[in-house]
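# Structural characterization, general
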Amino acid sequence: QIPDYLNDQSISWIQVEPDQLNIAVAEVGRILLNHNKIQNLHLKIVDSFLHSRGFSTVLDEISQSLNTAIVVMDMSGKIISYSKPFSVSDPLWRESVAKGYCPPFFMEHLRDVRQSDESPNMENAPIFRQCANTRLFYLAKRMYTDGNLFGYVFMLQSTANFDHACYDMVDYIAKMT
């Protein structure tokens with residue numbers, strides 16, 4: 001039961017059983033560290049733009065901070081920008097990105113995903129998937145221009161455990177473009 005003196009206050013609080021206190025403190029610490037990481041990334045982005053370092057520098061900083069590769073591409077598969085160094089080990093991905101386009105097998109994978117997507121008009125949350133051809137995991141966010149799908153932002157890595165900040169940052173990058 002909530003104590004009466006807390007009902008009228010605009011504060012956050014939790015009630016924890018004594019034997020669960022360590023777990024609760026650890027979780028609160030994890031949440032605060034995640035928010036701090038996101039806030040620091042936002043400040044780095046603002047600093048990059050203030051010092052005219054450009055969009056690619058922003059991607060590089062986010063990529064290095066979150067230990068993931070980032071690719072921004074339009075619907076045709078043309079790479080708009082990507083993080084450097086591009087930390088994907090797959091040789092076809094590396095070669096294709098260096099030449100400015102998305103690998104053909106990944107474009108086919110995206111078409112398959114879009115056709116099988118049961119809720120294309122639902123909330124535009126980041127998409128988490130694995131590409132079977134390369135076994136790469138990715139977070140993707142759709143980019144829209146004037147209400148039309150323009151392209152995607154991808155965060156790519158060889159493991160499924162994306163940093164929690166990736167979900168916020170992939171959304172942020174999509175809104176910047």
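Scope of this entry: the structure provided in the associated data block. None of these values were measured; they are calculated from a predicted model. (Residues numbered from 1 in each chain as written. Predicted model: local features only at pLDDT ≥ 70, side-chain atom pairs only at ≥ 80, totals over all residues. Heavy atoms only, no water.)

## Quick look at the overall build of the protein
For clarity, the threshold we go by: For helices the rule is a DSSP run of H or I covering at least 4 residues; for strands it is a run of E covering at least 2, with both sets numbered from the N terminus onward. Relative accessible area decides the class of each residue, using a 1.4 Å probe on protein chains only: under 20% of the type maximum gives buried, over 50% gives exposed, and in between gives partly exposed. Throughout, a contact is declared for two residues whenever any of their heavy atoms are within 4.5 Å. Note that accessible areas follow from Shrake-Rupley with a 1.4 Å probe, and for residues the cover is restricted to the protein chains shown.
When its secondary structure is counted, the protein shows six helices and five strands. Along the protein, from the amino end to the carboxyl end, the secondary structure elements read α-α-α-β-β-α-α-β-β-β-α. Every one of the 177 residues in the protein was classed for burial, and the buried ones make up 37%. Of the contacts formed within the protein by residues at least 6 apart in sequence, a portion of 45% connects residues at least 24 apart. When the accessible surface of the protein is totalled, it reaches about 11000 Å², and 52% of it is carbon and sulfur.

## Topic: the packing of aromatic side chains
Selection rule: Any pair of Phe, Tyr and Trp rings, taking the six-membered ring for Trp, is counted once the centres come within 6.5 Å. Such a pair is stacked with planes under 30 degrees apart, edge-to-face with planes over 60 apart, and tilted for the rest. We call a charge positioned over a ring when the NZ of a Lys or the CZ of an Arg lies within 6 Å of the ring centre and within 35 degrees of the ring normal.
Counted under the stated rule, the structure contains nine aromatic pairs. A centroid spacing of 5.9 Å and a plane angle of 85 degrees characterise the contact between Tyr 82 and Phe 86, whose relative ring orientation is edge-to-face. Taking the relative accessible area as the measure of exposure, Tyr 82 reaches 19% and is therefore buried. Each ring, one from Phe 106 and one from Tyr 138, has its centre 5.3 Å from the other, and the planes form 80 degrees; the classification is edge-to-face. In this pair, Phe 106 is assigned in helix H5 (residues 104-116) and Tyr 138 in strand S4 (residues 136-145), connecting sequence segments 32 residues apart. Three or more aromatic residues joined by ring pairs form one cluster here, namely Tyr 82, Phe 86, Trp 93, Phe 106, Tyr 138, Tyr 152 and Phe 154. In this structure, Lys 84 packs its charged tip against the face of Tyr 82, placed 4.5 Å from the ring centre.

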